[in-house]
Amino acid sequence: MNDTDTAARPRRGGGRPLRLADGLAVVVGAFVLSLATIRAARVPITHDEALSFLRFVSAPLAEVLSFAGTDAANNHLLLTILERLLVSVLGPSELVLRLPVLLSFAAGLAASWLLLRGRCAPALALAAFLTFATNRLGIELFSLARGYGLAVGLSVCGLLALVRSIERDFRPRPAVVGLTLLVLAALAQLTLLDVWAAASAAFLLVALRRYATGPGGAARSGWPRTLGVVAVPALLCAATAIPISFALSRGGALYAGGRMGFVDDTIGTVVRETLAPAPWVDLLRGPATVALLVAAAFVLAAVGILLFSRAKRSGGPAALFVGATFLFYVLAIEVQVRVFGVGYPVDRMALPLVPLLAFATALAAAVLLPGGSRLVRRGASALAVLLCVASVAQLAATADVTRSRLWWFDADAPHVLDEIGRQTARFRPAEGSVSVGCSWILEPSLNYYRVVRGLTWLLPFDRKGLAGERDFHVVATPDMASPEAAGLETVRTFAAAGTVLAVAGAERLRSATPPLVATGGVLEPVVRAASGRREVTVWIPAVVHASGIGGALWRSDLRLRNRSDAPARIVVGMSWKGERPQRALVVAGSGEALVPDVAGQLGVEGAGPLEVRIRGDVEVWARVYDGATPNDEGVAAGSWFSAVHAAAGLGPGAVGRLEGLEESDRRRTNLGVLNLGPSPAEVSVSWLGPRGNVLVSESRTLGPEEWRQETRPLAPHAEAAPICGATARVSVIRGTGIVAWATVIDSVTHETRVVSARRE
């Protein structure tokens, strides 16, 4: 039995430690794969994903394969072909487009553990596996429809196949499979050409060492077979991936990358993407980079010792191959920078560095360190445990399943289109009748959702930014553009990435939505909504435009005071009969405005809560009154509602108390409850008589933003005798943002007194 046969069945670290490591690897692998799947389903399509879909997935296949389209080359060719196949069967969606990458992640996780398992101590194997599996940059790219993740998953599987070929005396079948997988990885993302070239050179290097130490006949008979094994995938690469790279070069597309050097650009970006956004990343950036360089130097030393000492230890050929692949990978990067003038791989392009360095370090350490040393075993086990805890904790603490870290500015794209749909739904726009302007940074993702959702009433998005006359404008934070400076009014600001939807004025929301009528007026403030440049939402619990008892004409006026010198942008809206009418207005710097009969101006015939979205520093309140009964001075008697924030409402277990309520021949009481929380709420209302006796207690359920007013709920209990000085207790059973109030109305003068709930 020769040394390669011995290496084919390594027994290092067997028994209970290996079974425990297997279990931990399965748990961690399942966790990170689940996290990547959730991200793949929830993160909105990003800029680069949308470009690939619109330019290559949706284009004719012959045009894509022949590079005859407007885009001369596709550096994610394999991924876009797989996406085409899946979309043709399942239809386009975030998860469908990202499914090939998720599957490659699952295969890469399994292959990485099989590559390490048994070839080094369980603790070392687990540490290297965790370094690859929990890397934040990897999780990011394995959950998006980009070729980087697909390529790395295929390359790890290719490395495993090549290691098995080496350990089985260079069997040709696994070697051809491994090198072919590396060619496919290059077709998935052309940056993996470096890994394919490095692995091919390393395979030949290990073969040279094997044939140099073996019998002469074996060397003479083995070399032609080995060269043939390497040549077949090389021809496949020469016919596919390499021409694509030259096409990209001719098109001037090889511009990405850094110019500072392999350490600063490639290793540095991996370190930063792995540790960020921890607050101490700047402090540890230097030491962490040094630590990686020390590990790389250790691999260099290990490979040198293995190459010149003819070690026959178990795992030696695997360690030599993976370590040499890492070294040749670094060399290939330097060659392409020096010869072809391309940049050093950065962030996503540097992802192959993570598994190569982790695997090479673990395998080399397994060969060079004394396996029988108890101190070494315990130290390695402790290191693996610490790495496991730190890696999983870091990943769990910083995981974001709603947006991408590399393309974070696209997080609001689907919500922007939802809002545009709500703004235009009542007008039933004809095909191609609504135009939206945006910049280059948001154009791909917005057009993706326009196409996938079949929004034919939207004209294609262009890249002209704020230029030109459009129905709407979408402004992204990276644009560094100010809608106000361009004379636009903000309709809504979205929370995920700060994207702004703006219009050229309220009248741009079509002629059916005239601007609000506003006049001057001064009153003392009740609520101040200080928002600066952010948009803040407050609510008036109830506004009304309706006829009432005794010929009353109930109306509500909205009062606004701008406390800053800059103009304030306000959008008000109500939900009414399945629609959401909205109007926009501007209050001049240090100015005031009165919006008379705000519900009537919104076209509402009835009552309900009023949403007030503010961008500025504004005081807000509203008055309810009977417009049919003015006093001697010609002013209708009324009472003021305070505006409220959703966060100021009652939460679970809280109790709001409303006192001084009355039901008699002279006065009557109505009770209102509003749910400003994001989920259904349940409240219990108890009515107490003047002596504290419970008259009735009942519960009710309200959906999000649901408003309910009960007219004269005390009337059945006041039939025998008037009730003066009653109290209502509103208890929140579940839900948040509950607002309660009562109105006590004089039946003769129609004068209204508003009673707001105060916490017990």
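Residues numbered from 1 in each chain as written. Predicted model: local features only at pLDDT ≥ 70, side-chain atom pairs only at ≥ 80, totals over all residues. Heavy atoms only, no water.

1. Here's the deal with the overall build of the protein chain
- Helix and strand counts for the protein chain stand at 21 helices and 20 strands.
- Relative to its full complement of 760 residues, the protein chain shows a buried share of 54%.
- Taking as baseline every contact in the protein chain between residues at least 6 positions apart, the subset at least 24 positions apart corresponds to 77%.
- For the protein chain, the computed accessible surface area is about 31700 Å², with 59% contributed by carbon and sulfur atoms. (Helix = DSSP H or I, 4+ residues; strand = E, 2+ residues; numbered from the N terminus. Buried < 20%, exposed > 50% of the residue type's maximum accessible area, 1.4 Å probe, protein only. Contact = heavy atoms within 4.5 Å. Areas by Shrake-Rupley, 256 points an atom, 1.4 Å probe, with all protein chains shown as cover.)

2. With respect to the sheet that holds strand S16 (residues 707-711)
- Spatial strand order, S16-S13-S18-S19: four strands in an open sheet with antiparallel pairing. Of all the strands in the sheet, the pair left with one neighbour each is S16 and strand S19 (752-756). Recorded for the sheet is a direction-independent mean angle of 20° between the axes of neighbouring strands.
- Looking at chain direction, strand S13 (residues 667-675) and strand S18 (residues 738-746) are connected through nine bridges and run antiparallel. Within the sheet, the bridge partner assigned to Val-673 lies in S18 and is Ala-740. (Pairing = 2+ DSSP bridges. Axes fitted to C-alpha atoms, helices over the stretch in contact; angles between N-to-C directions.)

3. Here's the deal with the pattern of salt bridges
- In total, this model carries 29 salt bridges according to the counting rule given.
- Glu-140 is the salt-bridge partner of Arg-39, the closest N and O atoms lying 2.9 Å from each other. On the criterion of sequence distance, the pair formed by Arg-39 in helix H2 (residues 16-42) and Glu-140 in helix H8 (residues 136-142) is long-range, its members being 101 residues apart.
- Assessed through its relative accessible area of 4%, Arg-39 is described here as buried. (Salt bridge = Lys/Arg side-chain N within 4 Å of Asp/Glu carboxyl O.)

4. Digging into helix H7 (residues 122-133)
- For H7, with twelve residues, the first-to-last C-alpha span of 16 Å sits near the 16 Å given by 1.5 Å per residue.
- Buried residues dominate H7, accounting for eleven of its twelve residues.
- Where H7 is concerned, the buried positions are Pro-122, Ala-123, Leu-124, Ala-125, Leu-126, Ala-127, Ala-128, Phe-129, Leu-130, Phe-132 and Ala-133. (Expected span 1.5 Å × (residues − 1).)

5. Section: unusual backbone geometry
- Unusually for a residue other than glycine, Phe-170 sits at a positive phi of about 60°.
- Note on placement: Phe-170 falls in the loop between helix H9 (147-167) and helix H10 (172-188).
- Overall, Phe-170 belongs to the buried group, its relative accessible area being 3%.
- A positive phi angle, close to 60°, is found at Glu-705, a residue other than glycine.
- Relative to the helices and strands, Glu-705 resides in the loop between strand S15 (694-702) and S16.
- For Glu-705, a relative accessible area of 34% gives the class partly exposed.

6. Concerning the pairing of S13
- Across the nine residues of S13, eight count as buried, placing the element largely inside the fold.
- Both S13 and S16 contribute to a ladder of five bridges, which runs antiparallel. Of the residues in S16, the one forming a bridge with Asn-670 is Thr-711.

7. Thoughts on the packing of helix H5 (residues 77-90) against helix H6 (residues 94-116)
- For the pair H5 and H6, interaxial distance at closest approach is 9 Å and the crossing angle is 135°. Taken as axis vectors, H5 and H6 run oblique relative to one another. Like other packed secondary-structure pairs, H5 and H6 cross with a definite hand, here right-handed. Of the residues in H6, those touching H5 at Leu-79, Leu-82, Glu-83, Leu-86, Val-87 and Leu-90 are Val-96, Leu-97, Leu-99, Pro-100 and Val-101.
- Considering only residue class, the contact of H5 with H6 consists of ten nonpolar, no polar and one charged. (Parallel < 35°, antiparallel > 145°, perpendicular 65-115°, else oblique. Left-handed = near helix turned anticlockwise from the far one by under 90°. Nonpolar A, V, L, I, M, F, W, Y, C, P; charged D, E, K, R; others polar.)

8. So, the nonpolar core
- Counting residues in each nonpolar core, the largest one holds 139 residues, and the members touching the most others are Leu-116, Phe-203, Phe-321, Ile-420, Leu-446 and Leu-458.
- Counting 41 residues, the second-largest nonpolar core is a separate cluster that includes Val-536, Val-538, Val-604 and Trp-741. (Core = buried A, V, L, I, M, F, W, Y, C linked by side-chain atoms within 4.5 Å.)

9. Details of the sheet that holds strand S3 (residues 489-493)
- Pairing within the open sheet is mixed, and its four strands lie in the order S1-S2-S4-S3. On the outer flanks of this sheet lie strand S1 (436-437) and S3, each paired with one strand and no other.
- Pairing of strand S2 (residues 472-475) with strand S4 (residues 500-503) involves three bridges; the strand directions are antiparallel. Within the sheet, the bridge partner assigned to His-473 lies in S4 and is Ala-502.

10. With respect to the environment of Arg-657
- Along the polypeptide, Arg-657 turns up in strand S12 (residues 655-663).
- You can call Arg-657 partly exposed: its relative accessible area is 22%.
- Spatially, the C-alpha atom of Arg-657 lies 9.6 Å from that of Val-755, the residues being 98 residues apart in sequence.
- Residue contacts for Arg-657: discarding those within four places in its chain leaves Leu-688, Thr-727, Ala-728, Arg-729, Ser-756, Ala-757, Arg-758 and Glu-760.

11. Comments concerning the environment of Glu-706
- Looking at the element boundaries, Glu-706 is found in the loop between S15 and S16.
- Excluding residues within four positions of it along the chain, Glu-706 makes contact with Val-673, Leu-674, Asn-675 and Thr-701.

12. Things to note about helix H16 (residues 316-340)
- Its 25 residues give H16 an end-to-end C-alpha distance of 35 Å, which sits within 8% of 36 Å, the value for a rise of 1.5 Å per residue.
- Phi turns positive, to about 75°, at Gly-341, one or two residues after H16.

13. So, the packing of H6 against H7
- Closest axis-to-axis distance for the H6/H7 pair is 9 Å, and the angle between their directions is 160°. On the basis of the axis angle, H6 is roughly antiparallel to H7. Between H6 and H7 lies a crossing of right-handed hand. Here Phe-105, Gly-108, Leu-109, Ser-112, Trp-113 and Leu-116 of H6 come into contact with H7, specifically with Ala-125, Leu-126, Ala-128, Phe-129, Phe-132 and Ala-133.
- Residues of the contact of H6 with H7, tallied by class, amount to ten nonpolar, two polar and no charged.

14. With respect to the packing of aromatic side chains
- Under the definition given, this model contains ten aromatic pairs.
- Each ring, one from Phe-105 and one from Phe-142, has its centre 4.2 Å from the other, and the planes form 10°; the classification is stacked. Of this pair, Phe-105 sits in helix H6 while Phe-142 is found in helix H8, placing the two residues 37 residues apart along the sequence. Accessibility classification places Phe-105 together with Phe-142 in one group, the buried group.
- Considering the side-chain rings of Trp-707 and Trp-741, the 6.4 Å spacing of their centres and the 25° angle between planes classify their relative orientation as stacked. Remark: Trp-741 occurs in strand S18 and Trp-707 occurs in strand S16; sequence separation between them is 34 residues.
- Above the face of the Tyr-625 ring, Arg-623 is positioned so that its terminal group lies 4.4 Å from the ring centre. (Phe/Tyr/Trp six-rings, centres within 6.5 Å; stacked < 30°, edge-to-face > 60°. Lys NZ or Arg CZ within 6 Å of the ring centre and 35° of its normal.)

15. Details of the confidence of the model for the protein chain
- Mean pLDDT over the protein chain works out to 78, with 78% of the residues at or above the 70 mark.
- When the elements of the protein chain are averaged for pLDDT, helix H1 (residues 3-8) gives the smallest value, 40, and H6 the largest, 94.
- Within the model, pLDDT remains below 50 along residues 279-285, and this stretch shows six contacts once partners closer than five positions in the same chain are excluded. (pLDDT = per-residue confidence, 0-100.)

16. Looking at a nonpolar patch on the surface
- Judged by side-chain polarity, Leu-331, Val-335, Val-339 and Phe-340 come together as a nonpolar surface patch covering roughly 410 Å² of accessible area.
- When you line up the elements, Leu-331 lands in helix H16. (Patch = residues over 30% accessible without salt bridge, like charges linked within 9 Å, V, L, I, M, F, W, Y side chains within 5 Å.)

17. What about the pairing of S15?
- The pairing of strand S14 (residues 681-688) with S15 spans eight bridges and is antiparallel. Of the residues in S15, the one forming a bridge with Val-683 is Arg-700.
- Once S14 ends, the chain turns through five residues before running back antiparallel as S15, passing Gly-692 with a positive phi of about 90°.

18. Considering the side chain of Ser-104
- Along the polypeptide, Ser-104 turns up in helix H6.
- Residue class for Ser-104 comes out buried when judged on its relative accessible area of 5%.
- Look past the residues within four positions of Ser-104 in its chain and what remains in contact with it is Phe-142, Gly-149, Leu-150 and Gly-153.

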